[in-house]
Each structure stands twice: as C-alpha cells, then as structure tokens.
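Now for the letters of each chain:
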Amino acid sequence: MSELHKFIFEGLPVRGMLVRLTDAWQDILARRAANSETGAYPAPVRQLLGEMAAAGVLMQGNIKFNGALVLQIFGDGPVKLGVVEVQPDLSLRATCTQVGEVADDATLSQMVNVNNEGRCAITLDPQDRLPGQQPYQGVVPLFGDRGEKLENISEVLEHYMLQSEQLDTVLVLAADDKVAAGLLIQRLPIEGEGNLAGQTDSLMRESVLGQSEDFSRISILTKSLKREELLGLDAETILHRLYWEEPLARFEPFIGETGPRFACRCNRERVGNMIRSLGTEEVEGIIAEQGQVEVGCDFCGAQYRFDPVDAAGLFTGLPADAPGGSVH
Ligand SMILES: [Zn+2]
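Residues numbered from 1 in each chain as written. Predicted model: local features only at pLDDT ≥ 70, side-chain atom pairs only at ≥ 80, totals over all residues. Heavy atoms only, no water.

K.L.:
Provide a residue-level description of helix H2 (residues 43-62), including the pertinent values.
P.N.:
The terminal C-alpha atoms of H2 lie 28 Å apart, and with 20 residues this matches the ideal 28 Å at 1.5 Å per residue to within 8%. Burial runs high along H2: 17 of the 20 residues are buried. (Helix = DSSP H or I, 4+ residues; strand = E, 2+ residues; numbered from the N terminus. Expected span 1.5 Å × (residues − 1). Buried < 20%, exposed > 50% of the residue type's maximum accessible area, 1.4 Å probe, protein only.)

Encoded structure:
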C-alpha cells in the first residue's frame, strides 16, 4: 500500500517526509497502458511523472492548506504537459501529454526544455474559492543559478521551495514501473534568524550556526540515498539506514485509507460544462461529423459520450448529469 511518513529530528530545526507510492502509482500506469490511443508511457516519461507524483504528495503533506496542490510541467519538447494533482486527503491523479518520440535515454531537458522555454508551475487551489478569487501560483524555470539546464525535477523543486518559502530543502526522488518514491528534508526557520546580520549577541549567533550545521549533516546523509535504495527498500529500512545516529521522532504514518491513493475527480457534469464552453456552433459541427461528442478523461481513462439529444440539452439548461452516460 502507498504510504507517507512524517518525522522530525528532536531538538534540531529539521523536519522530513518519506513517500512511497506503490498501488496508487501502478493504478495510474495501468490506466495509461489501457488507453488504446496513447499506450503506456515510455520509461523516461514514466520516471518524470512518477517523480512529480511523489513530489506532489510531499509538497501537499508539507503545507497546512485546504485545497488541491497542482504540480505542472509545461514542456517545449516532445512532452508538452505533465500534471499531478494532490488533494488534502492525499488522493491524487496524474497524467502526461506527449506529442513526439521520446528516446529510451532521454534526459529531462530533451523532453521538456529543448528550446529553453520549459517551466514548472505549482498551484494551490483553495477548496472553498470565492467567486473571482484566483488560485495562488508560483512558476519556476528549468534552470539552475548558473544558467545551466536542470536535469532533475528534484532540483527544480528545491529552487522553488527556496524562492517561495525561503526554506532550505533537500529532495530525493525516483520512479520506475512499480514504485514512485521521494524523501524530503527541510530546515525550519529559527526565530529571529532573519536578523542574524544585525545580531550582536555572539551566543545567539553561535547557536544559529550550530543548528545550520545540523541541517548540513542531515542533508549529506539524505543525499547519500541511492535511487535503487529509495525504490527497493521499505520506509523503516531507509530511515534507519540514513539517520540511525540522529534523534529521529516519527509520527503515525498515513497509509491505507488515510494514505496516498489514486482518485479521479472527473464527472459528467464537468465534462458537460467543458463541452458547453466550446459553443453551440463548434459542438454542432462535431455532431455533424461524428454523430456524437466523445470526451475521454486523460487522468482515469473514463469515456463520456454525449449524443445529439444530450448535447442539445447542454445548451438549453437541462441537466447534463443524467445517469448512464459514462462508459468505463
Ligand atoms: Zn477521470
């Protein structure tokens, strides 16, 4: 079962989280493989989306926010879009849109940053959004501080967290065809640290520097985790192997019903609204050509069909959510 573990280092300004998506991730992959139009993801795309899925759960688990966390990558190469959406209850869905060939050994930049225009967006969409209220969105380019193209989504997100939250973060991510996993370590802000430059109390300064050393040491331990270990070992073994000399305190894990799991939020009413937004003319054109309007959900593979009567109903104010329209 998929699981999320939270922990702190007692007495040190460092917290962490470990996620392992197994059944949830296999569910997402199986739905894609069952889609006769797209087929399964090529290995590099699978790795990218799996790492995004693990990161999305870690980022949702890291904030106190009642709404969806949406992690998106907008690519300018063969991968146009990657989306991971994680709800506050840790249910998630993910999909990738690929338009060109992706080589077996394709790097991140070869997939999404060919012309230096790829970018990554993190959106927090409140559950009870007021009319006219915009969701919060942060966008980061896929470049490092020295202008180099980043080749790991973990580095992109470390940059984001430093920029947006001013929090030092270390992120290790990995994904294959069975597991999508991630480990996050974050340095907690210390009260008054912002005034360190003007701080004359040498004891205070020393204690802050000392706490920073704790983070450095735990960062080094965290970065030593190998991809195969993150994918192949269980949570207990990973945490023990890395931090056995540290004062680790763990919280009750989120697993099973409270843990990360696949869930799609598509429904006939929303699809109907989307079709309505195309306008009467466009929809009549589709019906003249194809006899019906058929829309497939990219996340779960559900097919929604609107025959001419259903489609006309969308524009006359009749309910679009009549039963029996969804074919799985
Ligand atoms: Zn769906």
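Once the structure has been displayed, the description carries forward.
K.L.:
Describe the coordination of the zinc ion, listing the residues and the values that go with them.
P.N.:
For the zinc ion, every protein donor is listed as Cys264 (SG), Cys266 (SG), Cys297 (SG) and Cys300 (SG), and the spread of their distances is 2.2 to 2.3 Å. Geometry at the zinc ion is tetrahedral, judged from its four donor atoms and the angles of 105 to 114 degrees they form at the metal. Every donor residue of the zinc ion comes from the same chain, spaced as C-x1-C-x30-C-x2-C. With a gap of 33 residues between them, Cys264 in the loop between strand E12 (261-262) and helix H8 (268-276) and Cys297 in the loop between strand E13 (293-296) and strand E14 (303-306) connect regions that are remote in the sequence. By relative accessible area, Cys264 is classed as partly exposed at 24%. (Donors = N, O, S within 2.8 Å, 3.2 Å for Na, K, Ca; no water. Tetrahedral: all angles 85-135°; square planar, octahedral: opposite > 155°, others 65-115°.)

K.L.:
An account of the environment of Ala33 is needed here, citing residue identities and associated values.
P.N.:
Tracing the backbone through its elements, the reader meets Ala33 in helix H1 (residues 23-33). With relative accessibility at 45%, the residue Ala33 sits in the partly exposed group. Between the alpha carbons of Ala33 and Gly301 there is a distance of 9.9 Å; along the sequence they are 268 residues apart. Filtering out sequence-adjacent residues up to four positions away, Ala33 remains in contact with Gly39 and Ala40. (Contact = heavy atoms within 4.5 Å.)

K.L.:
Help me get a handle on the pairing of E13, residues and values and all.
P.N.:
Residues Val293 and Val295 of E13 are buried on one face, while the alternating residues Glu294 and Gly296, pointing to the opposite face, are not. As consecutive antiparallel partners, E13 and E14 are separated by six residues, and within that stretch Gly301 has a phi angle of approximately 90 degrees, a positive value. (Pairing = 2+ DSSP bridges.)

K.L.:
Explain the side chain of Arg93 to me, using residue names and the numbers behind them.
P.N.:
Residue position: Arg93 is located in strand E5 (residues 91-98). Beyond its immediate chain neighbours, meaning those up to four positions away, Arg93 contacts Val83, Val84, Glu85, Phe262, Ala263, Cys264, Arg265, Cys266 and Phe299.

K.L.:
Can you break down the packing of H2 against helix H4 (residues 153-165) residue by residue, with the values?
P.N.:
Between H2 and H4, the shortest axis-to-axis distance is 10 Å and the interhelical angle comes to 30 degrees. Judged by the inter-axis angle, H2 sits roughly parallel to H4. In the packing of H2 onto H4, the handedness of the crossing is right-handed. Contact residues: Leu48, Glu51, Met52, Ala55 and Met59 in H2; Ile153, Leu157, Tyr160 and Met161 in H4. For the contact of H2 with H4, the residue count by class is eight nonpolar, no polar and one charged. (Axes fitted to C-alpha atoms, helices over the stretch in contact; angles between N-to-C directions. Parallel < 35°, antiparallel > 145°, perpendicular 65-115°, else oblique. Left-handed = near helix turned anticlockwise from the far one by under 90°. Nonpolar A, V, L, I, M, F, W, Y, C, P; charged D, E, K, R; others polar.)

K.L.:
Run through the pattern of salt bridges, naming residues and quoting values.
P.N.:
One pass over the structure, following the stated rule, counts 13 salt bridges. Residues Lys178 and Asp177 are paired through a salt bridge, measuring 3.7 Å at the closest nitrogen-oxygen approach. Here Arg305 and Glu294 are joined by a salt bridge, their closest N and O atoms 3.0 Å apart. Of this pair, Arg305 sits in strand E14 while Glu294 sits in strand E13, placing them 11 residues apart in sequence. Of the residues examined, Arg305 reaches a relative accessible area of 31% and is grouped as partly exposed. (Salt bridge = Lys/Arg side-chain N within 4 Å of Asp/Glu carboxyl O.)

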